[in-house]
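# Architecture at a glance
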Amino acid sequence: MARWCYRHRLVVLLLWVGALLGLGTAATTAGTDYANVFSLPDTDSKRAYDLMEKAFPDRAGDTDTVVWKVDAGTVRDQAVRSRIQPVLEKIGGMKGVGGVTSPYTGAQGAAQISEDGRIAYAQVTFAEQANAVPKELVQSVVDTAQGAERAGLRVDLGGQAIQRVQEPPTGLAEMVGILAAALVLFLAFGSLFAMLLPIGIAVFGVGTGLFSTQLVSHVTDVPDLAPLLATLIGLGVGIDYALFIVTRHRRGILRGADPEESAVTALNTSGRAVLFAGGTVCIALAGMLVTNLRFLDGVVIGTSLTVVFSVLAAVTLLPALLGFLGPRVLSRRQRRKLAAEGGREPESASGPAARWSAGVQKRPRTIAAVAVVVMAVLALPVLSLRLGATDQGNNDATTTTRKAYDLLAEGFGPGFNGPLQVVSSGGDTDALVRNIRATDGVAQVAALPPAGGVTVIQVVPTTSPQSEKTDQLIDALRDKAIPDAGAQAHVGGVTAISKDFSTVTGDRLPLFVATIIGLGFLLLMVAFRSLVVPLTAAVMNLIAAAASFGVLVAIFQWGWGLELLGLGKQGPINAFLPVIMLSLLFGLSMDYQVFLVSRMHEEWVHTRDNARAVRVGLAETSRVINSAALIMVCVFLAFVLSGDSGAAMAGVGLAAAVALDAFILRTALVPAAMHLLGNSNWWLPAGLDKRLPHLAVEPAEETEPVAVPAQGGASAVHGFVRDATGEPLDGAVVTLLSKGGRQLDRVTSLADGSYIVSVPAPGTYLLAATAPSYAARAGHVLVGGEPLVHDVELTEDEVDAVN
């Protein structure tokens, strides 16, 4: 497939451009139909919501708030009233505004003025829900209201519709993330064309994924959070997958391969790993379905579609683009150097990555211990994790929504921003009201006129919506006040829904984690024919999750550095975040595990030397994994600019998770643990090995040696094993393998360094040699009809690799 795409590159490019434009045109024509269907079956707040919807079906429009405060006098003063009342009348007359409830009309309006008379509010009810209200209308309301301000009179606005006009321009976070990724890619590749390849793949993958999600929203419920998360994950995996393939392709060209053959080899090795990694991400995302939270179904659809299109672009469009570039995928300096050195660079890995890899092999216990301590310290705050919901009280202090929230809390109490709704359908309502009023933590109680046999009692707590005491009040109402009154009632409202969602999420989280870890374990076991490798990956994923949530708790719940980051005020961690973040984290960390271990497994198959396999695998992949992680960190952190507190929290959490996973776990703890575990890394019971299907992350092995024009039967390879000074090495292990990695003979060198291994027939073989305290060496040997003399030199600090 890679060869066909390379040779028919124009056709492939036109097909992808046609798909992107076609889906874009269809999505633009159809428009969006995102729906936030937030249903929690079998919860008290859901029963309250159903009763309210039945009794008050017309309360559909979004209700926002205009709040004003005077520095001197009261809001009843004629000077204040003469400025505010005409403004409220003008807002009420705007097309799309259903009505305005003013504090200056009727006895009910008097309740909208604080006790000291310095703060008042008016409620603006739009004809549509917040997402459907035109931004132009909302901006007109904001401008008109704030136009009443003067010295000593302050006006602010709050509500979901108002929140939308405060958000940065759509696409700002994505553009900042792409620019940061482009900078990292240019520094990594040193080539403009090579830098543009991963960016182009990500744009095609995310573009087709988002347009498809938009179309799917017309046939099923997709929340408006889905495209934001799909973009977040799509940009990350799209750039990363292309980066892995392009890096392998460039290495092939640098080692003398023809550009077409190098591209085919890159797709047949790293491309297979990309397919496998993309599958693991989709499986991790699909794990959200076991929570039975229907709100997340659309998120799974949107993010999975984007990942699938990103993988398709990486394995079809990328080889086509590589065909257009040819050798220009290298920098000019690399092309000049390649021409000067006769078209080939050494196959040994060198530089900081190789030195680090050798250092991990020498001191695995120390490095593993340091890594575990660091991750444990970062994970400690997770013990204080409290799930809940963020609201406009967590916004940045400079926003009008945060100012309005604080003014309402100042004038009417901290619980005013999150009233509870006790919805009664039978029993003694008066007794229920008395019981509620007598409950600790209740500031105000007001029973609204009944409708359809349903009475709604508004309960204002004495504490803020995010306070633990408010949660305790909800429990007290449900467990004592309502049963003691003998009423059939349920506690609803946004605060109660948030509490129920947190409870449901917490209850189902263990099943969710077990599901995605179990599926990931099975996939890795089948791919790498090992029990220890997937077990190690599962443990590392749990460590990464604990540490990343520890960072989240420290920043967003404890408030460390929030003001510095411009992320508002501390509060609980969004209840939906653990499910979404764990899905993305497990999928992305599995990517790094696959790319790291697939290279180690490739080396293990050829040499059966665990130390060498781990060392070479780390040396050859750590740089690209770290580059990929740095790109993802940039993309995720850019979503702090999205204006959405949930996206900002997810962005910071995922950035921390990826950084810890790549820089500490995959490049330090995993290889150190694999060195300590030795050959048991690759252990799989023989009976299980026979029963498991074969899923090759690497290409199929060549099991037969390549014949050369020579006659004769068995022959031999013999010579001496020496160190760099020419001294013979006693006890060095020399292994002869077929090109496919099957061991044919294995001997130990004598005191004078001599060895001899038998060869079954003329052909090309792999000869590997290793000795304690020395780096292993492996290379191909061509054996004819006569014995071949082949001396081996081992060095102490070089890491070489089989191409």
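Residues numbered from 1 in each chain as written. Predicted model: local features only at pLDDT ≥ 70, side-chain atom pairs only at ≥ 80, totals over all residues. Heavy atoms only, no water.

## Side note on the overall build of the protein
Selection criterion: Each helix corresponds to a stretch of at least 4 residues labelled H or I by DSSP, and each strand to a stretch of at least 2 residues labelled E; elements are numbered beginning at the N terminus. Relative accessibility under 20% of the residue-type maximum defines a buried residue, over 50% an exposed one, and the middle range a partly exposed one, all with a 1.4 Å probe and only protein chains included. We call two residues in contact when some of their heavy atoms are within 4.5 Å.
When helices and strands are tallied, the protein shows 25 helices and 18 strands. Dimensions of the protein, computed from the C-alpha atoms along their principal axes, are close to 110 × 55 × 45 Å. When each of the 803 residues of the protein is scored for burial, the buried share is 55%. For the protein, contacts bridging at least 24 residues in sequence account for 77% of all contacts bridging at least 6.

## Some remarks on the pattern of salt bridges
Put simply, the rule is: One side-chain nitrogen of Lys or Arg within 4 Å of one carboxyl oxygen of Asp or Glu is enough to make a salt bridge.
Using the criterion set out here, one finds 17 salt bridges in the structure. The residue Arg-7 makes a salt bridge to Glu-260 at a minimum N-O spacing of 2.7 Å. Here Glu-260 lies in helix H11 (residues 259–286) and Arg-7 lies in helix H1 (residues 2–7), a separation of 253 residues in the sequence. On the accessibility criterion, Arg-7 (54% relative accessible area) is exposed. For the salt bridge of Asp-661 with Arg-666, the shortest nitrogen-to-oxygen distance reads 2.8 Å. Take Asp-661: its relative accessible area is 1%, and that puts it in the buried class. By sharing partners, the salt bridges in this structure join Arg-251, Arg-599, Glu-603, Arg-612 and Glu-620 into a single network.

## Looking at the packing of aromatic side chains
To keep things clear, this is the line we draw: Each Phe, Tyr or Trp ring (for Trp, its six-membered ring) is paired with any other whose centre lies within 6.5 Å, and the angle between the two planes then decides the class: stacked below 30 degrees, edge-to-face above 60, tilted in between. In this analysis the charged atom, NZ for Lys or CZ for Arg, is taken to sit over a ring once it is within 6 Å of the ring centre and within 35 degrees of the ring normal.
Under the criterion given, the structure shown has 7 aromatic pairs. Taken together, the ring pairs connect Tyr-121, Phe-412 and Phe-416 into an aromatic cluster. Over the ring of Phe-193 we find Arg-328; its NZ or CZ atom is 5.6 Å from the centre of that ring.

## Section: a positive patch on the surface
Convention followed: Exposure above 30% relative accessible area and the lack of any salt bridge qualify a residue for a patch; like charges then connect within 9 Å, and the nonpolar side chains Val, Leu, Ile, Met, Phe, Trp and Tyr within 5 Å. In these tables, accessible area is a Shrake-Rupley quantity obtained with a 1.4 Å probe, and a residue counts as shielded only by the protein chains included in the view. All tallies of charge rest on Lys and Arg as positive and Asp and Glu as negative; His and the ends of each chain are not included. Throughout, a charge is located at the NZ atom of Lys, the CZ atom of Arg, the CG atom of Asp or the CD atom of Glu.
Together, Arg-332, Arg-333, Arg-336 and Lys-337 give the surface a local cluster of positive charge. Along the polypeptide, Arg-333 turns up in helix H13 (residues 332–340). The class for Arg-333 is exposed, based on a relative accessible area of 55%.

## Describing the confidence of the model for the protein
Where the model shows low pLDDT, its predicted coordinates should not be examined in detail. The following threshold applies: Across the chain, each position has a pLDDT score giving the predictor's confidence in that residue, from 0 to 100.
Confidence in the prediction of the protein, expressed as mean pLDDT, is 84, and 92% of residues score 70 or more. Per-residue pLDDT, averaged within each element of the protein, yields its smallest value for helix H5 (residues 106–110) (70) and its largest for helix H15 (residues 364–379) (95).

## Considerations on the sheet that holds strand S8 (residues 455–461)
Backbone hydrogen bonds are what pair the strands of a sheet, in a parallel or an antiparallel way. The condition that has to hold: In this scheme, strands are said to pair when DSSP sees at least two bridges between them. Under this scheme, a helix contributes an axis fitted over its contacting stretch, all axes are lines through C-alpha atoms, and angles between N-to-C directions fall in the 0 to 180 degree range.
Spatial strand order, S7-S8-S6-S9: 4 strands in an open sheet with antiparallel pairing. Sheet topology places strand S7 (442–447) and strand S9 (488–492) at the edges, where each strand pairs with a single neighbour. Within this sheet the neighbouring strands show an average axis-to-axis angle of 20°, counted without direction. Here S7 pairs with S8 via 5 bridges, running antiparallel. Paired with Val-442 across the bridge in S8 is Pro-461. Where helix H3 (residues 44–55) meets the sheet, it contacts strand S6 (420–426), S8 and S9, and its direction lies at approximately 105° from that of S9. In the packing of helix H18 (residues 468–485) onto the sheet, contacts are made with S6, S7, S8 and S9, and the angle to S9 comes to roughly 175°.

## A word on the pairing of strand S15 (residues 763–770)
Of all 8 residues in S15, 7 are buried; the element is thus mostly enclosed. Where strand S12 (residues 733–737) lies against S15, 5 bridges are found, and the strand directions are antiparallel. Considered in S15, the bridge of Leu-737 is made with Leu-766. Pairing of S15 with strand S16 (residues 777–783), which is carried by 7 bridges, proceeds in the antiparallel orientation. Within the sheet, the bridge partner assigned to Ala-769 lies in S16 and is Arg-777. Between the end of S15 and the start of S16, which pair antiparallel, lie 6 residues, with Ser-773 showing a positive phi angle near 75°.

## Remarks on the packing of helix H10 (residues 225–254) against helix H23 (residues 610–638)
Definition in use: Note on angle classes: values under 35 degrees are labelled roughly parallel, values over 145 roughly antiparallel, values of 65 to 115 roughly perpendicular, and the remainder oblique. It is the rotation of the near helix from the far one that decides the hand of a crossing: anticlockwise by less than a right angle makes it left-handed, clockwise makes it right-handed. Under this grouping Gly is polar, as are all residues other than the nonpolar Ala, Val, Leu, Ile, Met, Phe, Trp, Tyr, Cys and Pro and the charged Asp, Glu, Lys and Arg.
Direction vectors running N to C along H10 and H23 enclose 155°, while the axes themselves pass 9 Å from each other. Considered as vectors, H10 and H23 are oriented roughly antiparallel to each other. The handedness of the crossing between H10 and H23 is right-handed. Residue-level contacts link Leu-232, Leu-235, Gly-236, Val-237, Ile-239, Asp-240, Leu-243, Phe-244, Thr-247 and Arg-251 of H10 to Glu-620, Val-624, Ile-625, Ser-627, Ala-628, Ile-631, Met-632, Val-635 and Phe-636 of H23. Residues belonging to the contact of H10 with H23 are distributed by class as follows: 13 nonpolar, 3 polar and 3 charged.

## Here we look at the sheet that holds S15
The 4 strands are arranged S13-S12-S15-S16 in an open sheet whose pairing can be described as antiparallel. Single-partner strands in this sheet number two, and they are strand S13 (743–748) and S16. Between one strand and the next, the sheet's axes are offset by a mean angle of 20°, whatever the strand orientation.

## A few points about helix H2 (residues 9–30)
This is how the line gets drawn: Helix span, as expected, comes to 1.5 Å for every residue beyond the first. As used here, the arc is the angular range of directions from the helix axis to the C-beta atoms.
Given a rise of 1.5 Å per residue, 22 residues ought to cover 32 Å, and the 31 Å separating the end C-alpha atoms of H2 matches this to within 8%. Looking only at H2, the buried set comprises Val-12, Trp-16, Leu-20, Gly-24 and Ala-27. The buried residues of H2 occupy an angular sector of 95° when projected down its axis, which confines them to one face. Turned more than 90 degrees from where H2 packs its buried face, Leu-10, Leu-14, Leu-15, Leu-21, Thr-25 and Thr-29 sit exposed. Of the surrounding elements, those touching the buried residues of H2 are H1, helix H9 (192–216) and helix H12 (297–325). Just beyond H2, the residue with positive phi is Gly-31, at close to 75°.

## Some details on H18
For clarity, the cut-off: At any given residue, the bend is defined as the angle formed between two axes, one fitted to the seven residues that end at that position and one fitted to the seven that begin there. Polar contacts, as counted here, are pairs of nitrogen or oxygen atoms within 3.5 Å of one another; within protein the pair requires one atom able to donate a hydrogen and one able to accept it, and residues that are adjacent in sequence qualify only if both atoms are side-chain atoms.
Over its 18 residues, H18 runs 25 Å from end to end, which matches the ideal 26 Å to within 8%, given 1.5 Å per residue. For H18, the principal kink sits at Leu-477 and spans about 40°. For H18, the full list of buried residues reads Thr-470, Leu-473, Ile-474, Leu-477, Arg-478, Ala-481, Ile-482 and Ala-485. Among the residues of H18, the N-terminal cap falls to Ser-467, whose side-chain oxygen and the backbone nitrogen of Lys-469 are separated by 3.1 Å. Trailing H18 by a residue or two, Gly-486 shows a phi angle of about 65°, which is positive.

## Overview of the nonpolar core
Where we set the bar: Here, the term nonpolar core denotes a set of buried Ala, Val, Leu, Ile, Met, Phe, Trp, Tyr and Cys residues that are joined through side-chain atoms within 4.5 Å.
Counting 156 residues, the largest nonpolar core has Tyr-241, Met-288, Phe-556, Tyr-592 and Phe-636 as its most contacted members. Among the elements that line this core, the one with the most residues is helix H24 (residues 645–677), at 19 residues. When sequence neighbours within four positions are dropped, the list of residues in contact with Tyr-592 reads Asp-240, Phe-244, Ile-625, Ala-628, Ala-629, Met-632, Val-658, Asp-661, Ala-662 and Arg-666. Listed in part, the 29 residues of the second largest apolar core include Ile-91, Ala-122, Val-124 and Leu-137.

## A look at a nonpolar patch on the surface
On the surface, Leu-183, Phe-186, Leu-187, Leu-192, Phe-193 and Leu-196 cluster together to form a nonpolar patch covering roughly 610 Å² of accessible area. Counting residues per element, the ones that place at least two in the nonpolar patch are helix H8 (172–189) and H9. Tracing the backbone through its elements, the reader meets Leu-187 in helix H8.

## Brief notes about the pairing of S9
For S9, a buried count of 4 out of 5 residues is recorded, marking the element as mostly surrounded by other parts of the structure. Bridge count between S6 and S9: 5 bridges; the pairing is antiparallel. Paired with Gly-426 across the bridge in S9 is Gln-488.

## Overview of the environment of Asn-679
Following the sequence through the fold, Asn-679 ends up in the loop between H24 and helix H25 (686–691). Separated by 70 residues in sequence, Asn-679 and Asp-609 have C-alpha atoms that sit 7.8 Å apart.

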